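Reading the structure
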Amino acid sequence: MSGVNRKEKKFAKLMRNQPSNITFSSSSDPGAGRSGMGSSESQTDSPHYSCFTHHQGVNGGHVQQQQVGSSHQPSCYGDRQRGSHRGGFRGQRGSSRGNYRSYVQEIPKIITATNFAQARAAEINAMLKAVAHKSSSQFLQSLPPAMRRRAMSHNIKRLPRRLREIAKKEVEKIAQLKKEQSKSKSRKARRRHGNLLMEFNRRQRKNIWLETHIWHAKRFHMVKKWGYCLGNKPTTKSYRACYRAMSKQCLLQDLSYSCCLELSGTEDNLLKTLGRLSSRDAGTTFASVACLSGKRQGSLVLYKADQYPTKPLGPVTFLWRPKTPSENRQLWIWAHPALKMDLLTELQLVCQCLDVPVPEPAPSECKTITHVTANQTVPGLKRKLQDNAGEEVIPEKKIIGDGTRDPLQTVTWTSLTSGIVIEDLTMEILRYRLIGPLSHCVMFEALQAAAILKNSEGREESGLRCWWSEYCKRPENMTLHNGQEGVLLLLPGIASPAEIPAGTVLGLTVGDPRLNMPKDRTTAMPDPTQVKDLEKIRELCLNGVGAEFAQSEIWDRNVRNIVTETKLTEQELNQMRSKLLVPGSRLDLGPQESKVPILLVQQPGKMAGQEHTGWGSGWDILIPKGWGMAFWIPLIYRGARAGGLQEGAKHTQYKGLPHFPDDFPDCPAGIQHSMETEKELIGKYKKYPPAKRPNYIHHGTMTPFRCPWQQLVEDWKTQNQDGSFKLAGSDQEQGLRPEMQVSSREYVGVHEKEISSEEKPLKLEEEMEEESESVTTLEPNIGCENLQNPSTGDRCSESGHVSILRSRKLLKQISTWCRPTSSKGQQTRRYVGSAQVQMTADAVKAIICSHPRFLVWVRLSLLKKGSPVTNATICIPSEEDLHLLASEPNCPGPQEPKHRDPFKHQFKASKSQKKRAFSQDPETAAGDLQRKPVASCGKDLIRGLWPDRPQNVMSHCSRLTIGFVTQGDFSLTVGCGEALGFVSLVGLLHMVSSQPAERRGLALVRCPASLQYRFAKIDIEV
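The following refers to the structure shown. (Residues numbered from 1 in each chain as written. Predicted model: local features only at pLDDT ≥ 70, side-chain atom pairs only at ≥ 80, totals over all residues. Heavy atoms only, no water.)

1. Examining the overall build of the chain
- Of the regular secondary structure elements, the chain holds 31 helices and 28 strands.
- In the chain, which comprises 1022 residues, the proportion classed as buried is 47%.
- Taking all contacts inside the chain whose residues are at least 6 apart in sequence as the whole, residues at least 24 apart take part in 77%.
- As presented, the chain carries roughly 53,500 Å² of accessible surface, and 51% of it is formed by carbon and sulfur atoms. (Helix = DSSP H or I, 4+ residues; strand = E, 2+ residues; numbered from the N terminus. Buried < 20%, exposed > 50% of the residue type's maximum accessible area, 1.4 Å probe, protein only. Contact = heavy atoms within 4.5 Å. Areas by Shrake-Rupley, 256 points an atom, 1.4 Å probe, with all protein chains shown as cover.)

Shown next as structure tokens:
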């Protein structure tokens, strides 16, 4: 009996993965035993025989068919094997052990080839995988288990003769692999200087590392953006500490990832060429007198050639080199890395630099060491002093600058017509930013002017160190250096960098800052007792630094290369310190000390508006490459707190300025950033279950992860062309006109429709589910031709029409009409000037007709509690809302009625259809669902998100929408919730002209995941 059970188990195991087209019909006749006795009919009716029929194949001549999903069918021995026990099987209820219920087999009429092949696909794949898999002990596995011996694994002669040759090849192959791999995998070996340096050089071929990368990687959350590896925010809780540093102390940022492009040529050609990229109407240009002399740094927004005020590229800062005896001028343009390629392309077009540039090597082809073969740079192997040929091996060198290209080759473009040369100086010049009132104190203590060499000194220097001795030979250079040092000595007497004119430039040559570092970390503080020359300090605050003191040798490429190559390493400095007679005393190198030319640029703080003027001001330090850590550590030891990208964004937000590329929706880089951010947020939203994430359809938010600027301006333009509203004519109108108010049904986001007889049960069911809450019915526009995925929608139409209003004249005029006030209801103020124009119907219509698709940058201050967030909605308050605020000053604001989700039943149908598909055929259901969407509209729906392209963005809620928030948070500067964003110019003028004079400029702000509106005051700061 045991032998019979063993065979039955064996056949049951073989029948486990049989085709799914096998059916059995139950029969009450008991089956005969498996002894082979009896007639053929009895054997055919036997369950044993029916189970072995498919295994016997041709002899049986039967094909078994089983219906998947039937609940009354058994599956022969394969399914009864789980109920077996020692000595036999467990029978069904009411049967003795070893006896089974018999089933009459039905001969199938049809065999489906696809299902049969699909059932065999798993077995074929397993067989191919087993054949293709090669293990290290394949020659041992080919032997039967009885012939295997442990000694065969290390002694080939123990194997049979027919397997010795195969085993020998396998052993040689394994030995070769082990030889190629690293011999030392321990941490001690990996942390050796040579191996660590090679590993670091390999890792920064794809994403560029700043010189302070390792310092930041130990203390910051690192992110990979724009081709760089940057510090996002500190790992410690330092949000408020960084704000205090910006307000009262000093915050340090590494902005070396900013791209620098140098333009050289005659002044007339440069101004003529660059004049096509900007306009005087928007403010500063390249031809500004103070900037052209070289004593001021300028900033502006560049546009495509002759396309102002549309098609902007992005914001840049520029710096002219002071005039020299040479006819050519040099200009540095600093831009964000996301803007670099667009800016470089446009500069090549306007400068007619059509020459083929020097090709940049691919990341895999970058050479970081010279004259070293590939086999000598294997990580983990000991580096030999000499190679096989007897030549000395050059050790690995640290990557300085851009590691994705050859550091010995410059990237330049030359114009044959105008003679303008464009050179890429990315990562050639480092830029550090000090923010806060103590920034000049930190800078004064960390930096000391270089000592002047006498005629007898410096002659012993040879090679590359002689640039400073040659510089000191000219008397005019020494006079200039003494004047620059005198200006540096005046900085401690100034209370804040905001007292100095904005963009002041000071050139300087300093010594090695590593030589005067304190033993412990200190905090630099001003010392009023050392202030002596008050008259010079007053003149410095009024007039700034002269143009002659803005000169620096950092503009010369040869000097920069010499300074980088002649820098003393930390090891050399430590060896010199160890030889001092008094340990811990200052190391005096004399003429051997490195002299570093730098530039100090005053960074203005908050300049727009009347509140907190000068907040966030500081200094920028421009340093040659290779000296990053040599300047960073001394600044940190003087009390500066390091910040990352997040702190930089908050600094820009508190100053009330747009942050690039987040707040530039009309630039190509801003549009790309918006698409990437939306895709990331949607992916994060989908990771949460529906019960743990907000349903934005119920909240009336059509685009919670992006701002549909193009659709917003188009809606307001259409509304203006239809003549649905009229603008108020003068300031004497104190009350709101009835025709300008939003009725309860006129501007509902998705209009309510009459319910047909077929939709009545659905409507009743929805009302019961919503209980007693007020529900705004949404009209689902889910046609297949209009439906788009939120993450992959077509944004081309949104990138060509919308523009930002940057005309200072118009902004000042609109700011006057809005009567901007400070937060918390402080004293109102008006713009008084010669360009002030009364708000009349003709003036408003003229602006609307000339700028129909423009957005305006605004600042909103909440009157009461609340904290706005990104993508919050800016709406126009109705007449009832204004009366509510007048009657109840402490009211939080109105509420948006809850919206109904028209896609709820589609989700239910989709879910039930998937269940039915999997229950019928689980093997083919997944493929069918992927090929054919379940939703009737043709796209996969995301529960809680509006699936199609935004329709009627302006009036999709109970209040008219005029804009969206791009930056929002509780402001530590003013102590209330503040938001920065854009509003439609047409919508803003419509709101201002329809409000009474005492309530003009009042708006509503609502977060995407909330139904609560908050009252806020709009302020346009110019």
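2. Here's the deal with helix α19 (residues 557-565)
- The complete set of buried residues in α19 reads Val559, Arg560, Ile562, Val563 and Thr564.
- The N-cap of α19, judged by a side-chain oxygen 3.2 Å from the amide nitrogen of asparagine 558 a few residues on, is aspartate 556. (Polar contact = N/O pair within 3.5 Å; in protein donor to acceptor, adjacent residues only side chain to side chain.)

3. Brief notes about the nonpolar core
- Counting residues in each nonpolar core, the largest one holds 51 residues, and the members touching the most others are Ile598, Leu600, Ile621 and Phe631.
- If near-sequence neighbours (up to four positions away) are discounted, phenylalanine 631 is found in contact with Tyr432, Leu447, Val510, Pro513, Val596, Ile598 and Ile623.
- Core analysis: the next-biggest nonpolar cluster, separate from the first, contains 49 residues, Ile804, Leu810, Met954 and Val992 among them. (Core = buried A, V, L, I, M, F, W, Y, C linked by side-chain atoms within 4.5 Å.)

4. Brief notes about the pattern of salt bridges
- Considering all chains together, one arrives at 25 salt bridges under this definition.
- For the salt bridge of glutamate 123 with arginine 120, the shortest nitrogen-to-oxygen distance reads 2.8 Å. In this pair, glutamate 123 and arginine 120 both sit in helix α5 (residues 113-132), 3 residues apart, roughly one turn of the helix.
- With relative accessibility at 16%, the residue arginine 120 sits in the buried group.
- Close ionic contact of glutamate 570 with arginine 514 constitutes a salt bridge, the shortest N to O distance being 3.3 Å. In this pair, glutamate 570 is assigned in helix α20 (residues 570-578) and arginine 514 in the loop between β16 (505-510) and α18 (534-543), connecting sequence segments 56 residues apart.
- Overall, the relative accessible area of 44% leaves glutamate 570 in the partly exposed class.
- Counted as one network, the salt bridges with shared partners bring together Lys606, Glu611, Arg859, Glu978, Asp1019 and Glu1021. (Salt bridge = Lys/Arg side-chain N within 4 Å of Asp/Glu carboxyl O.)

5. Here's the deal with the sheet that holds strand β11 (residues 312-320)
- Here 6 strands make up an open sheet; going across it, the order is β10-β11-β12-β9-β14-β13 and the pairing antiparallel. Taken across any chain shown, the strands that pair with only one partner, and hence form the sheet edges, are β10 (298-303) and β13 (412-414). Neighbour to neighbour, the strand axes of the sheet diverge by 25 degrees on average, direction disregarded.
- The pairing of β11 with strand β12 (residues 328-335) spans 5 bridges and is antiparallel. Bridging across to β12, phenylalanine 318 finds its partner in isoleucine 333.
- Running over the sheet, helix α12 (residues 267-274) touches β9 (259-266), β11 and β12 and is turned about 125 degrees from β9.
- Across the sheet, helix α14 (residues 340-350) is in contact with β9, β10, β11, β12, β13 and β14 (421-424); its angle to β9 comes to roughly 15 degrees. (Pairing = 2+ DSSP bridges. Axes fitted to C-alpha atoms, helices over the stretch in contact; angles between N-to-C directions.)

6. Details of unusual backbone geometry
- Along the chain, tyrosine 308 connects to proline 309 via a cis peptide bond; the corresponding omega equals 10 degrees.
- The omega angle of the peptide bond from phenylalanine 660 to proline 661 is 0 degrees, so this bond is cis rather than trans.
- Phi is positive for tryptophan 226, close to 55 degrees, though the residue is something other than glycine.
- For tryptophan 226, the location among the structural elements is in the loop between β6 (220-225) and β7 (228-234).
- Phi is positive for histidine 612, close to 50 degrees, though the residue is something other than glycine.
- Here histidine 612 lies in the loop between β17 (596-603) and β18 (618-624).
- Given the relative accessible area of 37%, histidine 612 is considered partly exposed.

7. Here's the deal with the pairing of strand β8 (residues 251-254)
- Both faces of β8 are covered, namely the face carrying Leu251 and Gln253 and the face carrying Leu252 and Asp254.
- The sheet contact formed by β8 and strand β15 (residues 429-435) spans 4 bridges and is antiparallel. Pairing of leucine 252 across the sheet is with leucine 434, part of β15.
- Pairing between β8 and strand β19 (residues 641-642): 2 bridges, direction parallel. Paired with leucine 251 across the bridge in β19 is arginine 641.

8. Quick word on the packing of aromatic side chains
- This model, assessed by the stated rule, comprises 23 aromatic pairs.
- Ring centres 6.4 Å apart and planes at 75 degrees place the aromatic pair tryptophan 627 and phenylalanine 631 in the edge-to-face group.
- Tryptophan 627 gets classed as buried once you look at its relative accessible area, which sits at 0%.
- On the numbers, 5.0 Å between centres and 65 degrees between planes, the contact of tryptophan 857 with phenylalanine 982 is edge-to-face. Of this pair, tryptophan 857 sits in strand β22 (residues 854-862) while phenylalanine 982 sits in strand β26 (residues 976-984), placing them 125 residues apart in sequence.
- We classify tryptophan 857 as buried; its relative accessible area is 14%.
- Using a relative accessible area of 2% as the deciding quantity, one classes phenylalanine 982 as buried.
- Taken together, the ring pairs in this structure connect Trp709, Trp857, Phe964 and Phe982 into an aromatic cluster.
- Positioned above the aromatic ring of tryptophan 334, the side-chain terminus of arginine 431 is 4.8 Å from the ring centre. (Phe/Tyr/Trp six-rings, centres within 6.5 Å; stacked < 30°, edge-to-face > 60°. Lys NZ or Arg CZ within 6 Å of the ring centre and 35° of its normal.)

9. Focus on the sheet that holds strand β5 (residues 208-209)
- In spatial order, the strands read β5-β7-β6; together these 3 strands make up an open sheet with mixed pairing. Looking along the sheet, the strands with just one partner apiece sit at the ends: β5 and β6.
- In this sheet, β7 lies alongside β6 in antiparallel orientation, the contact comprising 6 bridges. By the bridge assignment, valine 223 is partnered in β7 with leucine 230.

10. Points about the packing of helix α27 (residues 841-850) against helix α31 (residues 985-994)
- Where α27 meets α31, the closest approach of the two axes is 10 Å, and the angle between their N-to-C directions is 165 degrees. Taken together, α27 and α31 sit at an angle that is classed as roughly antiparallel. In this structure, α27 crosses over α31, and the sense of that crossing is left-handed. Contact residues: α27 offers Val844, Ile847 and Ile848, while α31 offers Leu985, Val986 and Leu989.
- Partitioning the contact of α27 with α31 into residue classes produces 6 nonpolar, no polar and no charged. (Parallel < 35°, antiparallel > 145°, perpendicular 65-115°, else oblique. Left-handed = near helix turned anticlockwise from the far one by under 90°. Nonpolar A, V, L, I, M, F, W, Y, C, P; charged D, E, K, R; others polar.)

11. Re the packing of helix α11 (residues 239-248) against helix α22 (residues 645-655)
- Where α11 contacts α22, the two axes come as close as 11 Å, and the packing angle between them is 55 degrees. Classed by the angle they form, the pair α11 and α22 counts as oblique. For the crossing formed where α11 meets α22, the hand is right-handed. Contact residues: Tyr239, Cys242, Tyr243 and Met246 in α11; Glu647, Lys650, His651 and Tyr654 in α22.
- Partitioned by chemical class, the residues of the contact of α11 with α22 number 5 nonpolar, 1 polar and 2 charged.

12. Quick look at the pairing of β26
- Within β26, 9 of the 9 residues are buried, which leaves it mostly tucked inside the rest of the structure.
- Here β22 runs beside β26; their pairing, made up of 7 bridges, is antiparallel. Paired with leucine 860 across the strands is alanine 979, a residue of β26.

13. Thoughts on the environment of tyrosine 228
- Along the polypeptide, tyrosine 228 turns up in strand β7.
- In this structure the C-alpha to C-alpha distance between tyrosine 228 and tryptophan 209, which are 19 residues apart in sequence, comes to 6.2 Å.
- In this structure, tyrosine 228 is in contact with Asn207, Ile208, Leu210, Val223, Tyr257, Cys259, Pro337, Thr426 and Met427, ignoring residues within four places of it in sequence.

14. Quick notes on a nonpolar patch on the surface
- Together, Ile124, Met127 and Leu128 make up an exposed nonpolar region whose accessible area comes to about 290 Å².
- Mapping methionine 127 onto the fold places it in helix α5.
- You can call methionine 127 partly exposed: its relative accessible area is 49%. (Patch = residues over 30% accessible without salt bridge, like charges linked within 9 Å, V, L, I, M, F, W, Y side chains within 5 Å.)

15. So, the environment of valine 713
- Tracing the chain through its elements places valine 713 in helix α24 (residues 709-722).
- For valine 713, a relative accessible area of 0% corresponds to the buried category.
- Along the sequence, valine 713 and serine 984 sit 271 residues apart, while their C-alpha atoms lie 6.0 Å from each other.
- Among all residues touching valine 713, those that are not within four sequence positions of it are Val802, Pro852, Arg853, Phe854, Leu855 and Ser984.

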